[in-house]
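Reading the structure
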Amino acid sequence: MQDDLIITTTTEMCTNRGVNAVLAGLPKVGKTYAMRTLPGRPLIIDCENGQLCNQGIPLPAIQIRNWTDALKLRDGLLGSDKYAAFDCIGIDSISVLAEMHLAEEIKRVADPRQAFGNVARNVREWINDIKNVMDKHIIFISKTAPGDDGRMMPLMPGKMLANELLFLMDEILFLRFVNDEEGNPQRVIQCHGCETYNAGDRSGQLNFYEPPDLGYIITKIQSGVNNHELQLQAQG
């Protein structure tokens, strides 16, 4: 077998790729509203008919009604020019999409355990394919609930799929309210874990709390690559 593997650098691997993240949060905290802060030209993938807060903003959108629609979207993103003009894909929400697929599988197979297993496998593969669309930022909106350790985490049908989501994503972010110094509630995006939230930032660029602006966060994450390139140019 011929060795045709190409040696590159970790910096080059990150230069032409987008950011993938889960944005989780409690109901009505503003997750769907946050989609309007995506940079460039976003495409909203609506799985729950829940875009009322964005009705005054004509964001390009596609409605997913079943798992077949989800597969069509994946295949299109991987091989169609239809989506070439979009910089970001916002999926609202991955929790509802997985629940939709589970409802279909429960009707299709007799054993509920098989249905959960099928959904875990299919959704995991779908997420992997979608998040590896290298030239786009992929943001998955998610419900949230306490995990086995009591910390809030993204909510998915079945414990296995929920736990795997923590490993699949570069960023596990939580949109939440935090009181400011005067006691007034402010929306923030939590980017690091604590005793109550299972968040995480693979980039190492984000503070514990960031503004509820996904464009700002994505730019900040990518600044790590940009800053390294500038340092190399200066050294040269």
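Criteria and cut-off values
Residues numbered from 1 in each chain as written. Predicted model: local features only at pLDDT ≥ 70, side-chain atom pairs only at ≥ 80, totals over all residues. Heavy atoms only, no water. Pairing = 2+ DSSP bridges. Helix = DSSP H or I, 4+ residues; strand = E, 2+ residues; numbered from the N terminus. Salt bridge = Lys/Arg side-chain N within 4 Å of Asp/Glu carboxyl O. Buried < 20%, exposed > 50% of the residue type's maximum accessible area, 1.4 Å probe, protein only. Contact = heavy atoms within 4.5 Å. Expected span 1.5 Å × (residues − 1). Polar contact = N/O pair within 3.5 Å; in protein donor to acceptor, adjacent residues only side chain to side chain. Axes fitted to C-alpha atoms, helices over the stretch in contact; angles between N-to-C directions. Parallel < 35°, antiparallel > 145°, perpendicular 65-115°, else oblique. Left-handed = near helix turned anticlockwise from the far one by under 90°. Nonpolar A, V, L, I, M, F, W, Y, C, P; charged D, E, K, R; others polar.

**Description of the pairing of strand E9 (residues 185-190)**
Bridge count between strand E8 (residues 171-179) and E9: 6 bridges; the pairing is antiparallel. Directly across from Leu 175, in E9, lies its bridge partner Ile 189.

**Regarding the pattern of salt bridges**
In this structure the tally under the stated criterion is 10 salt bridges. Linking Asp 75 and Arg 74 is a salt bridge whose minimum nitrogen-to-oxygen distance equals 3.0 Å. Looking at Asp 75, the relative accessible area reads 45%, which means it is partly exposed. A residue is classified by how much of its surface remains accessible, and Arg 74, at 19% relative accessible area, is buried. With a closest N to O distance of 2.9 Å, Arg 108 and Glu 105 form a salt bridge.

**Focus: the environment of Pro 185**
Counting through the fold element by element, Pro 185 comes out in strand E9. Each residue touching Pro 185, except ones within four places of it in the same chain, is listed here: Phe 177, Val 178 and Asn 179.

**Brief notes about the pairing of strand E1 (residues 20-24)**
With 5 of 5 residues buried, E1 lies mostly within the body of the structure. Neither face of E1 is exposed, since Asn 20, Val 22 and Ala 24 on one face and Ala 21 and Leu 23 on the opposite face are all buried. Across 5 bridges, E1 lies against strand E5 (residues 137-142) in parallel orientation. Counterpart to Val 22 in the pairing with E5 is Phe 140.

**Thoughts on helix H2 (residues 67-79)**
For an α-helix the count is 3.6 residues per turn, leaving residues at separations of three or four pointing the same way. With 13 residues, H2 should cover 18 Å at 1.5 Å per step; its first-to-last C-alpha distance of 18 Å lies within 8% of that length. Those residues of H2 that sit buried are Trp 67, Asp 69, Ala 70, Leu 73, Arg 74, Gly 76 and Leu 77. Check the buried side of H2 and you find it contacts strand E2 (42-46), strand E3 (61-63), strand E4 (88-92), helix H3 (94-108) and helix H4 (112-131). A side-chain oxygen of the first residue of H2 lies 3.2 Å from the backbone nitrogen of Thr 68; this N-cap is Asn 66.

**Some thoughts on the packing of H4 against helix H5 (residues 159-168)**
One can describe the packing of H4 onto H5 by two numbers: an axis separation of 10 Å at closest approach and a directional angle of 20 degrees. Relative to H5, H4 is oriented roughly parallel. For the pair H4 and H5, the sense of crossing is right-handed. For the pair formed by H4 and H5, the contact residues are Val 119, Ala 120, Val 123, Arg 124, Ile 127, Asn 128 and Lys 131 on the first element and Met 160, Leu 161, Glu 164, Leu 165 and Leu 168 on the second. Looking at the contact of H4 with H5 residue by residue, the classes come out as 8 nonpolar, 1 polar and 3 charged.

**Some thoughts on the packing of H3 against H4**
The N-to-C vectors of H3 and H4 enclose an angle of 140 degrees; their axes lie 9 Å apart at closest approach. With respect to each other, H3 and H4 are oriented oblique. Every pair of crossing elements has a handedness; the one defined by H3 and H4 is right-handed. Of the residues in H4, those touching H3 at Ile 94, Leu 97, Ala 98, His 101, Leu 102, Glu 105, Ile 106 and Arg 108 are Ala 115, Phe 116, Asn 118, Val 119, Asn 122, Val 123, Trp 126 and Ile 127. In terms of residue class, the contact of H3 with H4 is built from 11 nonpolar, 3 polar and 2 charged.

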